[in-house]
Amino acid sequence: MSSPTMTDYLNNVRLADFAYAKMVKINGVWQVDVSQYGGDLTNRDYRNYRDLLLEFSTSDYQVLDYYTDPATGLAAMLISDGTGHKTLAVRGTDDPVFDVLADIVIAAGLVSEQSTSLENYYNSLKNQGMIAEGELITVDGHSLGGALAQVFTADHLDAVDHAYSINGPGVGGPFADLYPDENFEGYPITNLISVDLFGQYGIQLGEIVRIPVRGHAISNVTNFLTDCIDGGIIIYPETSRLQLINSNAILCPEDALAAFQQASSIAPPRRDPLILDL
């Protein structure tokens, strides 16, 4: 399989973003559910996801299924493109405290409830015939969703053609720096990591593409990639050795929680000017 392009990065970041939409099925068609946004048609999140769904629809993308698990906070959806290729877009949870705690569990090398829930959902899609036996899919996710995408892909290398984790923590926790270089390679995963505290926890499986903007929000990554594509700029993954050097793993879950609390008290991130040697 060829290496992902800048357009691949952007398309999959947008699909990961759309995983946060709250959906409802009306007359057999999945739509953004305004009732879950207070019934307010002017709600910013509602309008953003409604417009994104309309844009997807005009490009022949279709939401095939939507799933939420109230017990774990997981939400995910299955989306097909114009060729019939399917993407499993994973939200994880929209509760930031719940999200960071689940991130820590995954990064520490444990199996979180969300990971088990995602596995059950995937098996349900297969049992319903929505994903055929042996069919290759793409998996996308942001934050906890990105961590779940990494774990799911590592467990299903025969079923995932590529995964995209956006600012998702890695695995291995405090022992990550002891892993040999070859552990970084061989996974069909692209980790798009901005200047973000949570993306520094653990070691990401697969390649890392550094996004030089501040903040955890997926919109920062979307804006940066859009600017790059408009300007004809290409960014490349790190080598595995550079990835090891750059890995500043938070040493323990308590550090991660402290970092989360500190980040919550800081003003909203700003986009820094970028200077590249072209």
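Residues numbered from 1 in each chain as written. Predicted model: local features only at pLDDT ≥ 70, side-chain atom pairs only at ≥ 80, totals over all residues. Heavy atoms only, no water.

On to helix 1 (residues 6–18), then. A turn of α-helix holds 3.6 residues, and therefore any two residues three or four places apart point the same way. Taking 1.5 Å of rise per residue, 13 residues should cover 18 Å, and helix 1 covers 19 Å from first to last C-alpha, within 8% of that figure. Among the 13 residues of helix 1, 10 are classified as buried, and the element is accordingly described as predominantly covered. Those residues of helix 1 lying buried are Met6, Tyr9, Leu10, Asn12, Val13, Arg14, Leu15, Ala16, Asp17 and Phe18. (Helix = DSSP H or I, 4+ residues; strand = E, 2+ residues; numbered from the N terminus. Expected span 1.5 Å × (residues − 1). Buried < 20%, exposed > 50% of the residue type's maximum accessible area, 1.4 Å probe, protein only.)

Core analysis: the biggest nonpolar cluster contains 23 residues, and Leu88, Val90, Leu118, Ile137, Val139 and Phe152 have the highest contact counts within it. Sorting the residues of this core by element identifies strand 4 (74–80), strand 5 (86–90), helix 4 (113–127), strand 6 (137–142), helix 5 (144–155) and strand 7 (160–166) as the ones contributing at least two each. Looking at this core element by element, the count peaks at 5 residues for helix 5. Leave out the neighbours within four places in its chain, and Ile137 touches His85, Lys86, Leu88, Tyr122, Ile131, Phe152, Ala159, Val160, Asp161 and His162. Formed by 19 residues, the second largest nonpolar core is a distinct cluster that contains Ala21, Trp30, Tyr49 and Ile79. (Core = buried A, V, L, I, M, F, W, Y, C linked by side-chain atoms within 4.5 Å. Contact = heavy atoms within 4.5 Å.)

Time to look at helix 2 (residues 44–58). Its 15 residues place the ends of helix 2 21 Å apart at the C-alpha level, agreeing with the 21 Å of an ideal helix rising 1.5 Å per residue. Within the sequence span of helix 2, burial applies to Tyr46, Tyr49, Leu52, Leu53 and Phe56. On an axial view of helix 2, the arc spanned by its buried residues comes to 135°, and they lie on one face. Facing away from the buried side of helix 2 by over 90 degrees, the exposed positions are Arg44, Leu54 and Thr58. Packing partners of the buried residues in helix 2 comprise helix 1, strand 1 (23–26), strand 2 (29–32) and strand 3 (62–69). Directly beyond the C-terminal end of helix 2, a positive phi value near 70° is found at Asp60. (Arc of directions from axis to C-beta.)

Another aspect to go through is the side chain of Asp65. Here Asp65 shows up in strand 3. No salt bridge is formed by the buried Asp65. Its closest oppositely charged neighbour is Lys25, at 5.7 Å. Among the polar contacts made by the side chain of Asp65, one reaches the side chain of Tyr121 at a distance of 2.7 Å. Those residues in contact with Asp65, other than ones at most four positions away along the chain, are Trp30, Ala76, Met77, Leu78, Tyr121, Leu125 and Met130. (Lys, Arg positive; Asp, Glu negative; His and termini not counted. Salt bridge = Lys/Arg side-chain N within 4 Å of Asp/Glu carboxyl O. Polar contact = N/O pair within 3.5 Å; in protein donor to acceptor, adjacent residues only side chain to side chain.)

What follows deals with the packing of aromatic side chains. A full pass over the atoms with the stated rule returns 7 aromatic pairs. Ring geometry for Phe56 and Tyr61: centres 5.4 Å apart, planes at 45°, overall tilted. Judged by its relative accessible area of 7%, Phe56 falls in the buried class. Using a relative accessible area of 23% as the deciding quantity, one classes Tyr61 as partly exposed. Here a set of aromatic residues connected by ring pairs shows up, and it is made of Phe18, Tyr49, Phe56 and Tyr61. Between Lys22 and the ring centre of Tyr37, over which it is positioned, the NZ or CZ distance is 5.6 Å. (Phe/Tyr/Trp six-rings, centres within 6.5 Å; stacked < 30°, edge-to-face > 60°. Lys NZ or Arg CZ within 6 Å of the ring centre and 35° of its normal.)

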